[in-house]
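Notes for the structure review
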Amino acid sequence: MALCWTACFEEAFTTSPDVRLVFTTDTLRFDTVFTELGTATRSFRVHNPADLAVRTSVRLPDASVFRMNVDGLPGPVVNDVEIGANDSIWIFVEATIDPDQPLSVSPFVIEEQLEFMTNGALQQVLLEAWGQNANYVPSRFHGNRISVLTCDLGTITWDDPKPYVIYGTLLLDSCTLVWPAGARIYVHGGLANNTLGIYNDGILFTLPRGRIRSEGTADQPVVVQDDRLEPEYTSLWGGIRLGPASGPHVMRHTIVRHAATAVVVDSAAVLEADAVQFHSNAGSGLFARHATVSAVNGLFYDNGGPAVTLTYGGQYAFDYCTMASFGNDGEGLALTNFYCPEPLCQSGIFVNNLSATFRNCIIVGSAGDEILLSDATRDQPDELFNVSFEQCIVKVNELLDPDAYPDFFTSLCTGCLEWSFSDTLFANQVEFDFHLDTLSLAEEMAIPIPGVDVDLDGVMRDAERPDIGCYERVNE
């Protein structure tokens, strides 16, 4: 009776060579993979469309850089995998690239076929990965650890053609770190928990005698970002922290993205930013606190917080910059001259003089007000909150209320244009293309600024009637 009971419920299998499995993808792709680090796991589903169960064998090539798991069973070969009638299984794949590949073949493309043999019929899924060797700083074992890069007040230049990958928290001390044109710096993020507390790992922090000099060009910008490039993988890194009293730092044609906050300029630190792009960060693109910053042709967009935050006073000058804040709650620009030690300021506030000028800038977004002015000294001399805008395009609403800044367009923002959603401005802000549209409100509306002859792309600006924002309109 037991044998009869078992036989009655045993599933029937087809042996027909005509059965074809159905895959949810024909190519499993892995974006750039750093050697020794591996990749995010990829997966796909294998479906049996037949009315009977089927057995298949799954095989990776010999000496494969990939690893697989077939419905819970690890490879590289898994035989007689059963797939029920009209049922499916999952395949999970990882990859690790050989770190000893010569530089002459890096970056390199690896293509392998994952084979399925079903009743004598062969089917394949392509596995494709891009890998490149890298310089790990200080090494790939320094996650969640603090290390120091120093050179006795000399200079270190990261000019190896291989990219650089920063692990953990890297303190720059008594040294100038130079990033030449085309340098690629990747930072390994994640959650850290060490003597500094709990924070986003992957931080480059400059001590008072540490300096960063980023020397990108329009054709070969310097790029600083997280080290996981797969679209579905998010490895938020801490960002670049220009520590108190450090600098002067210089960033030219430099892109910083996918950080908690792209660049923080702390108390008394100095930053000269020329043609930078700080975007796609969880917080602000640029956050300065009682610092000195000059920025020309800067582009700040797609950040979770304000595109640019200038707090607790300081000295700031922004020319031909575009600050766009669409689809989030942060302003394009936030300015304050005070600091509170706790959220409700119950123990008082600390005030520092704020001096900030904005010329030929675009400050717009999806909120009613894209400029936040927070002055803790409204009844005191103007030098404590000395802010001016000239020939800018701005998005404001409640800022103009009688108890706020009703004279904004006459006393603070001279020659400015007010933007609304019905006005044509950018080529395609939805796709983050902030070049100017053919009918842009910004065209020929800027004032010439001596010494600023080109835009973010290196395009010559009109000497007499340039355009507002980081891009000059190119007439085709």
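Residues numbered from 1 in each chain as written. Predicted model: local features only at pLDDT ≥ 70, side-chain atom pairs only at ≥ 80, totals over all residues. Heavy atoms only, no water.

**Regarding the overall build of the protein chain**
- Of regular secondary structure, the protein chain possesses two helices and 42 strands.
- Structurally, the protein chain occupies a C-alpha span of about 100 × 55 × 55 Å along its principal axes.
- The proportion of buried residues among the 476 residues of the protein chain is 50%.
- A fraction of 61% describes how many contacts in the protein chain between residues 6 or more apart in sequence connect residues 24 or more apart.
- Put simply, the protein chain shows about 21500 Å² of open surface, and 50% of that area lies on carbon and sulfur atoms.
- Positive and negative side-chain charges in the protein chain, numbering 25 and 64 respectively, have mean positions lying 6 Å apart. (Helix = DSSP H or I, 4+ residues; strand = E, 2+ residues; numbered from the N terminus. Buried < 20%, exposed > 50% of the residue type's maximum accessible area, 1.4 Å probe, protein only. Contact = heavy atoms within 4.5 Å. Areas by Shrake-Rupley, 256 points an atom, 1.4 Å probe, with all protein chains shown as cover. Lys, Arg positive; Asp, Glu negative; His and termini not counted. Charge placed at Lys NZ, Arg CZ, Asp CG, Glu CD.)

**Focus: the state of the cysteines**
- Within the structure shown, the criterion is met by three disulfides.
- Cys 413 shares a disulfide with Cys 416; S-S distance 2.0 Å. Between Cys 413 and Cys 416 the sulfur-sulfur dihedral comes to about -95°; the bridge is accordingly left-handed.
- Using a relative accessible area of 13% as the deciding quantity, one classes Cys 416 as buried.
- Numbered by order of appearance in the sequence, the disulfide-linked cysteines of the protein chain pair as 1-2, 3-4, 5-6.
- Here Cys 361 is not cross-linked by a disulfide; its sulfur's nearest cysteine counterpart is in Cys 321, at 4.7 Å.
- A residue is classified by how much of its surface remains accessible, and Cys 361, at 0% relative accessible area, is buried.
- Cys 470 carries a free sulfur, and the closest cysteine sulfur to it, the one in Cys 321, is 7.7 Å from it. (Disulfide = S-S within 2.5 Å.)

**Side note on the sheet that holds strand S26 (residues 277–279)**
- As summarised here, the arrangement of the 11 strands in space is S11-S13-S15-S20-S23-S26-S28-S30-S35-S38-S40, forming an open sheet in which the pairing is parallel. Edge positions in the sheet fall to strand S11 (135–137) and strand S40 (417–418), since each of these pairs with one other strand and no more.
- In this sheet, strand S20 (residues 222–226) lies alongside strand S15 (residues 184–188) in parallel orientation, the contact comprising four bridges. Across the sheet, the residue bridging to Tyr 186 is Gln 225, located in S20. (Pairing = 2+ DSSP bridges.)

**Things to note about the packing of aromatic side chains**
- Going through the model one piece at a time under the given rule, you end up with 21 aromatic pairs.
- Here Phe 389 and Phe 408 contribute two aromatic rings whose centre-to-centre distance is 5.7 Å and whose plane-to-plane angle is 55°, an arrangement assigned as tilted. Pair noted here: Phe 389 is in strand S37 (residues 385–390) and Phe 408 is in helix H2 (residues 408–412), with a separation of 19 residues, a long-range link.
- Using a relative accessible area of 2% as the deciding quantity, one classes Phe 389 as buried.
- On the basis of an interplanar angle of 65° and a centroid distance of 5.1 Å, the ring pair of Trp 419 and Phe 421 is categorised as edge-to-face.
- Following the ring pairs from residue to residue traces out a cluster consisting of Phe 278, Phe 300, Phe 318, Phe 358, Phe 389, Phe 408 and Phe 409.
- In this structure, Arg 55 is placed above the aromatic ring of Phe 13, and the distance from its NZ or CZ to the ring centre is 3.7 Å. (Phe/Tyr/Trp six-rings, centres within 6.5 Å; stacked < 30°, edge-to-face > 60°. Lys NZ or Arg CZ within 6 Å of the ring centre and 35° of its normal.)

**As for the side chain of Arg 473**
- Locating Arg 473 in the fold gives a position in the segment after strand S42 (433–436).
- Despite being buried, Arg 473 has no salt bridge partner; Glu 443 is the closest side chain of opposite charge, sitting 4.8 Å away.
- Polar contacts involving the side chain of Arg 473 include one to the main-chain carbonyl oxygen of Leu 436, which spans 3.1 Å.
- Aside from chain neighbours lying at most four places away, what touches Arg 473 is Leu 436, Asp 437, Thr 438, Glu 443 and Asp 467. (Salt bridge = Lys/Arg side-chain N within 4 Å of Asp/Glu carboxyl O. Polar contact = N/O pair within 3.5 Å; in protein donor to acceptor, adjacent residues only side chain to side chain.)

**Structural notes on the pairing of strand S18 (residues 203–206)**
- Direction of pairing for strand S14 (residues 169–179) relative to S18: parallel, over a ladder of four bridges. Bridging from a neighbouring strand, Leu 172 pairs with Thr 206 of S18.
- The pairing of S18 with strand S21 (residues 239–242) spans four bridges and is classified as parallel. Bridge pairing in S21 links Leu 204 to Ile 240.

**Brief notes about the environment of Gly 182**
- In this fold, Gly 182 is placed in the loop between S14 and S15.
- Note on Gly 182: relative accessible area 28%, which makes it partly exposed.
- Contact partners of Gly 182, with chain neighbours within four places excluded, come to Gln 220, Pro 221 and Val 222.

**A few points about the nonpolar core**
- Ranked by internal contacts, the top residues of the largest apolar core, which has 66 residues, are Trp 179, Val 263, Phe 318, Phe 358, Phe 389 and Phe 408.
- Residues within four places of Phe 318 in sequence aside, it is in contact with Leu 286, Val 293, Ala 295, Phe 300, Val 308, Leu 310, Met 323, Thr 357, Phe 358, Arg 359 and Cys 361.
- Counting 28 residues, the second-largest nonpolar core is a separate cluster that includes Val 19, Phe 44, Val 54 and Val 81. (Core = buried A, V, L, I, M, F, W, Y, C linked by side-chain atoms within 4.5 Å.)

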